[in-house]
Amino acid sequence: MMLWEPTREAALARLAEFVPRAGRAYAGTRNVDRGPLDRSNVSALSPYIRRRMITEEEVVRAVLQKHSFAAAEKFVQEVAWRTYWKGWLEMRPDMLVRFDTERKALKAALADDSNLNRRWQKAIEGRTGIDCFDAWVGELVTYGWLHNHARMWFASIWIFTLGLPWQLGADFFYKHLLDADPASNTFSWRWVAGLHTRGKHYVARAENIDRNTQGRFAPYGLLNETAEPLPEDAPPPLAVKPRYDPPQLDGRVALLLTEEDLHPESLGINAEIAGIAVLPSATVSASESPAASFSKAALQDAAQRAAAHFNAPAEIVDPAQLAAWAKALGVRQLVTGAVPVGQIAWQLRDLPPALAEQGVALVQLQRDWDRKLWPLATAGFFKLKTKLPGIAMEYASDQPSPQSQQISLPLGLS
Ligand SMILES: Cc1cc2nc3c(=O)[nH]c(=O)nc-3n(C[C@H](O)[C@H](O)[C@H](O)COP(=O)(O)OP(=O)(O)OC[C@H]3O[C@@H](n4cnc5c(N)ncnc54)[C@H](O)[C@@H]3O)c2cc1C
């Protein structure tokens, strides 16, 4: 059952409806999980923002045009958490590789470890006997979404009460969430486990759940509330820094649409578009899950909008055919919204050399918001938080977004 219509129009309607409540009302009530059919105290925009059907800049601008920064600070900070996790991953791409390797090894181990398998099955089928947890499993599978506080409680119970590996929990979330995001999901699970901020973990407490679910759940005596953080698992040192170049587009280019950025109209492309290639991620192509269906419909919505906006034909193009497709159009540049570290970037890894053979370059346009904020994710959130008011207020005026910037290959990392 999908509560989110996969169109930009629906995203804009949801944003307009939420904006009046994005100030102190949000700050005061956002931690309350009222259940799946009442999301009026939070924006519930994440499936849209995740794919940039609406952008962070747009959301922040709409909110700051209605509220002072002081009133909307909490909301803007939450949007910035998403940016922080993405920036963190951009500078430590190996962390996703490490997670993926561990996740796969644990999934393989399920075949041999019957004890782990039994406990894992109980958890993912919502048969643990902890009623809140079992209900959240049902909610996640049915709607593809959980309130932020429920995600924190869920992850904490998974790790500290059920004693299951966090990587399997992150895998379960990633499979079902409509907003599944490699950075926010992986690092939020690590944060709950105490692996992000050394020695600091998130312990779900029955009293907190009782109060913030307004008495819907009261798991007194069922949770491990004295757990210690997981043993340290240090991140690799900063490996790469994002590199930015000024935009340099030919007069005529081709456009590549991926689930990482479904609003090409605001990428600042001032060139004729000869054709639009739509590239679904491998998961989306292979799955019939609600999240995959959402992505497919969202891609279609974006393709239709882009075709009308740029007056160019849009078609699904197999990644292996992209270079030949671009060459046949007679362009020298294939332009796309920046593809951050993650599955689609992995899918596109071989594309630049294949394109180069055809005399075509992949140009990734990085959004202004990311360009300013990602480099601040070198350590804890504090550094980014300190700079946030100044940067966010640049978006409060009626001015259109500053232009995106071109970033160099491969995939924006040097
Ligand atoms: C274990 C765990 C896993 C998570 N996995 C994901 C994920 O895969 N994808 C995802 O988008 N978010 C994830 N989050 C973050 C957060 O729970 C969701 O973004 C949020 O619940 C979305 O609800 P909303 O749109 O109503 O947010 P609001 O409270 O209305 O906030 C506005 C926007 O800010 C961003 N945001 C808010 N809180 C966070 C946060 N804590 N971290 C990062 N961004 C945030 C989202 O884009 C959100 O739409 C996870 C959190 C936890 C604890």
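As the structure is a prediction and not an experimental result, all values here were calculated from the model.

It is not clear to me how empty space enclosed by the protein should be interpreted in this structure. Could you clarify?
Summed over the entire model, instances satisfying the criterion amount to three cavities of 30 Å³ or more. Taken as a whole, the largest cavity spans an internal volume of roughly 50 Å³. Surrounding the largest cavity, R50, K86, L89, E90, D181, P182, A183, E260, P340 and V341 form its lining. Only α5 (69-90) and α11 (182-193) provide two or more residues apiece to the lining of the largest cavity. At three residues, α5 tops the list of elements feeding residues into the lining of the largest cavity. In terms of residue class, the lining of the largest cavity is made up of five nonpolar, no polar and five charged.

Just to check I follow, could you spell out the packing of aromatic side chains for this structure?
Working definition: an aromatic ring pair is given by the centre-to-centre distance plus the angle between the planes. Following the criterion strictly, the structure yields 26 aromatic pairs and no others. On the numbers, 6.0 Å between centres and 85 degrees between planes, the contact of F18 with Y26 is edge-to-face. Y26 carries the same exposure label as F18, and that label is buried. Taken together, a centroid distance of 5.7 Å and an interplanar angle of 35 degrees make the contact between W85 and F187 tilted. In this pair, W85 sits in helix α5 while F187 sits in helix α11, placing the two residues 102 residues apart along the sequence. Accessibility assignment for this pair places W85 and F187 in one class, buried. Each member of the aromatic cluster is reached from another via a ring pair, and the members are W81, Y84, W85, W88, F187 and F381. Looking at R92, its charged tip hangs above the ring of W88, at a distance of 3.3 Å from the centre. One Lys or Arg, R151, reaches over the ring of W145 and ends 5.5 Å from the middle of that ring.

Teacher, can you tell me more about the site of the ligand here?
Around the ligand, the structure places 27 residues, and the nearest of them are Y26, S43, A44, N148 and D179. A distance of 3.0 Å is found between an oxygen atom of the ligand and a backbone nitrogen or oxygen belonging to L45. One of the backbone N or O atoms of R82 is found 3.4 Å from a nitrogen atom in the ligand. About the coverage of the ligand: the protein hides 96% of its 820 Å² of free accessible area. Because more than half of its atoms lie within 2 Å of the grid, the ligand is assigned to the largest pocket. Elements with a minimum of two residues in the shell around the ligand: α3 (46-50), α5, α9 (148-161) and α11. In terms of residue count, α5 provides more of the shell around the ligand than any other element does, six residues in total. Of the residues belonging to the shell around the ligand, the class tally is 16 nonpolar, six polar and five charged.

Honestly, the pairing of strand β1 (residues 252-257) in this entry has me stumped. Any pointers?
Put simply, side chains in a regular strand alternate between the two faces of the sheet. Within β1, five of the six residues are buried, leaving the element largely enclosed by the surrounding structure. Relative to strand β2 (residues 272-278), β1 is paired through five bridges, and the arrangement is parallel. Bridge pairing in β2 links L255 to I276. Where β1 lies against strand β4 (residues 333-337), three bridges are found, and the strand directions are parallel. Note that in β4 the partner of L256 across the bridge is T336.

It is not clear to me how the pattern of salt bridges should be interpreted in this structure. Could you clarify?
One side chain can pair with another of opposite charge once the charged atoms of both are near each other. Inspection of the entire model under this criterion finds 29 salt bridges. When the shortest N-O distance is used, the salt bridge between R39 and E139 registers 2.8 Å. Of this pair, R39 sits in the loop between α2 (24-29) and α3 while E139 sits in helix α8 (residues 131-143), and the two are 100 residues apart along the sequence. Classification of R39 by relative accessible area gives buried; the value is 9%. Take E139: its relative accessible area is 7%, and that puts it in the buried class. Put simply, R305 and E265 hold a salt bridge, and the shortest N to O gap is 3.0 Å. Of the two residues, R305 is situated in helix α14 (residues 290-310) and E265 in the loop between β1 and β2; the sequence distance between them amounts to 40 residues. The buried category is assigned to R305, whose relative accessible area is 16%.

Would you mind going over unusual backbone geometry with me for this structure?
Across the chain, the bulk of peptide bonds are trans and the bulk of non-glycine residues have phi less than zero. One non-glycine residue, A44, lies in positive phi territory at about 55 degrees. Counting through the fold element by element, A44 comes out in the loop between α2 and α3. Judged by relative accessible area, A44 falls into the buried class, the value being 7%. A positive phi angle, close to 50 degrees, is found at N311, a residue other than glycine. On the secondary structure map, N311 appears in the loop between α14 and β3 (314-316). Assessed through its relative accessible area of 70%, N311 is described here as exposed.

Looking at this structure, how should I read the packing of helix α10 (residues 166-176) against α11?
For any two helices packed against each other, the geometry is given by the interaxial angle and the distance between the axes. Interaxial distance between α10 and α11 falls to 10 Å at its minimum, and their mutual angle equals 145 degrees. When you trace α10 past α11, the crossing you get is right-handed. On α11, the residues that touch W166, G169, A170, F173 and Y174 of α10 are P182, N185, T186, W189 and R190. Looking at the contact of α10 with α11, its residues break down into six nonpolar, three polar and one charged.

How do you make sense of the side chain of R151 when you look at a structure like this?
Among the secondary structure elements, R151 is positioned in helix α9. On the accessibility criterion, R151 (17% relative accessible area) is buried.

Cut-offs used in this document
- Residues numbered from 1 in each chain as written.
- Predicted model: local features only at pLDDT ≥ 70, side-chain atom pairs only at ≥ 80, totals over all residues.
- Heavy atoms only, no water.
- 1 Å grid on protein atoms, 1.4 Å probe; cavity = no way out; pocket = protein on both sides within 12 Å on 5 of 7 lines; lining within 4 Å.
- Points joined across faces, edges and corners; volume = space filled by probe spheres on them.
- Helix = DSSP H or I, 4+ residues; strand = E, 2+ residues; numbered from the N terminus.
- Nonpolar A, V, L, I, M, F, W, Y, C, P; charged D, E, K, R; others polar.
- Phe/Tyr/Trp six-rings, centres within 6.5 Å; stacked < 30°, edge-to-face > 60°.
- Buried < 20%, exposed > 50% of the residue type's maximum accessible area, 1.4 Å probe, protein only.
- Lys NZ or Arg CZ within 6 Å of the ring centre and 35° of its normal.
- Near = heavy atom within 4 Å.
- Polar contact = N/O pair within 3.5 Å; in protein donor to acceptor, adjacent residues only side chain to side chain.
- Areas by Shrake-Rupley, 256 points an atom, 1.4 Å probe, with all protein chains shown as cover.
- Sits in = over half its atoms within 2 Å of the grid points.
- Pairing = 2+ DSSP bridges.
- Salt bridge = Lys/Arg side-chain N within 4 Å of Asp/Glu carboxyl O.
- Axes fitted to C-alpha atoms, helices over the stretch in contact; angles between N-to-C directions.
- Left-handed = near helix turned anticlockwise from the far one by under 90°.
- Contact = heavy atoms within 4.5 Å.

Interpretation note: all reported values are geometric properties and have no functional meaning in isolation.
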